[in-house]
Amino acid sequence: QVQLVESGGGVVQAGESLRLSCAASGDIFRINAMGWYRQAPGKQRELVATVTQGGSTRYADSVKGRFTISMDNAKATVSLQMNSLKPEDAAVYYCNANLRRRTTLYSLDFWGQGTQVTVSS
């Protein structure tokens with residue numbers, strides 16, 4: 001009924017760029033916010049960047065100035081432009097959406113399946 005599908009992951013060299021995209025589909029009434037989280041082996045999942053329906057953004061200190069998040073409300077998509085990638089950016093990146101379904105009066109968090117980003121030095 002609600003699905004988040006990520007795309008754009010892959011293998012890149014340090015210093016190169018990558019763009020991740022996530023499309024939300026299904027019985028969606030309203031998306032309040034979308035974001036990207038990542039988890040590297042042996043580490044906790046951490047927030048990378050978020051954007052609200054109103055356009056407010058927040059970034060982890062480690063990616064600020066290098067990554068840019070954007071959301072297209074009409075298309076129900078969120079993108080993460082990642083520039084100057086570093087080996088420490090390597091992780092599985094997960095798309096998140098806080099949204100209200102048409103069949104409910106409340107909002108919940110939904111997650112994508114994750115996409116692998118590998119950065120070689």
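Keep in mind that this is a model prediction, so the values were computed, not measured.

J.: So what exactly am I meant to see when it comes to the pairing of strand S10 (residues 107-111) here?
T.: Within a regular strand, the side chains alternate between the two sheet faces. In the sheet, strand S9 (residues 91-101) pairs with S10 via five bridges, with the strands oriented antiparallel. Its bridge partner being in S10, Asn 96 is matched across the sheet by Trp 111. As consecutive antiparallel partners, S9 and S10 are separated by five residues.

J.: What is the right way to look at the environment of Val 5 in this model?
T.: Relative to the assigned elements, Val 5 resides in strand S1 (residues 2-7). The partly exposed category is assigned to Val 5, whose relative accessible area is 38%. In the structure, Val 5 is positioned 107 residues away from Gly 112 in sequence and 5.7 Å away in space, judged by C-alpha atoms. The residues touching Val 5, leaving out its near neighbours within four places in the chain, are Ser 21, Cys 22, Ala 23 and Gln 113.

J.: Quick question: what am I supposed to make of empty space enclosed by the protein here?
T.: To find the voids left in a structure, one rolls a probe of water-molecule size over its atoms. For the structure shown, the criterion picks out one cavity of 30 Å³ or more. Computed from the structure, the largest cavity encloses a volume of approximately 50 Å³. The wall of the largest cavity is formed by Arg 38, Gln 39, Ala 40, Lys 43, Gln 44, Glu 46, Glu 88 and Ala 91.

J.: Any chance you could explain the nonpolar core here in plain terms?
T.: Where a protein is soluble and globular, its nonpolar side chains tend to be buried together. With 34 residues, the main nonpolar core has Met 34, Trp 36, Leu 80, Met 82 and Tyr 93 as its most contacted residues. Looking at this core, the elements with two or more residues in it are S1, strand S3 (18-26), strand S4 (28-39), strand S5 (46-52), strand S7 (67-72), strand S8 (77-82), S9 and strand S11 (115-120). Counting residues per element, this core draws most heavily on S9, at five residues. In this view, Met 82 contacts Glu 16, Ser 17, Leu 18, Leu 20, Arg 66, Phe 67, Tyr 93 and Val 117; residues no more than four positions away in its chain are not counted.

J.: Help me understand the side chain of Glu 6, please; the structure alone is not making it clear to me.
T.: Note on placement: Glu 6 falls in strand S1. Buried and unpaired, Glu 6 has Arg 45 as its nearest opposite-charge partner, separated by 8.0 Å. There is a polar contact of 2.8 Å between the side chain of Glu 6 and the backbone nitrogen of Cys 95. Among the polar contacts listed, one links the side chain of Glu 6 to the side chain of Gln 113, at a separation of 3.0 Å. Setting aside its immediate chain neighbours within four residues, Glu 6 contacts Ser 21, Cys 22, Trp 36, Tyr 93, Tyr 94, Cys 95, Gly 112, Gln 113, Gly 114 and Thr 115.

J.: How should the state of the cysteines be read in this particular structure?
T.: By definition, a disulfide is the covalent link that joins the sulfur atoms of two cysteine residues. What the rule picks out here adds up to one disulfide. Residue Cys 22 pairs covalently with Cys 95 via a disulfide, S to S 2.1 Å. Judged by the sign of its S-S torsion, about -85°, the cystine formed by Cys 22 and Cys 95 is left-handed. Remark: Cys 95 occurs in strand S9 and Cys 22 occurs in strand S3; sequence separation between them is 73 residues. Overall, the relative accessible area of 1% leaves Cys 22 in the buried class.

What counts and how
Residues numbered from 1 in each chain as written. Predicted model: local features only at pLDDT ≥ 70, side-chain atom pairs only at ≥ 80, totals over all residues. Heavy atoms only, no water. Pairing = 2+ DSSP bridges. Helix = DSSP H or I, 4+ residues; strand = E, 2+ residues; numbered from the N terminus. Buried < 20%, exposed > 50% of the residue type's maximum accessible area, 1.4 Å probe, protein only. Contact = heavy atoms within 4.5 Å. 1 Å grid on protein atoms, 1.4 Å probe; cavity = no way out; pocket = protein on both sides within 12 Å on 5 of 7 lines; lining within 4 Å. Points joined across faces, edges and corners; volume = space filled by probe spheres on them. Core = buried A, V, L, I, M, F, W, Y, C linked by side-chain atoms within 4.5 Å. Lys, Arg positive; Asp, Glu negative; His and termini not counted. Salt bridge = Lys/Arg side-chain N within 4 Å of Asp/Glu carboxyl O. Polar contact = N/O pair within 3.5 Å; in protein donor to acceptor, adjacent residues only side chain to side chain. Disulfide = S-S within 2.5 Å.

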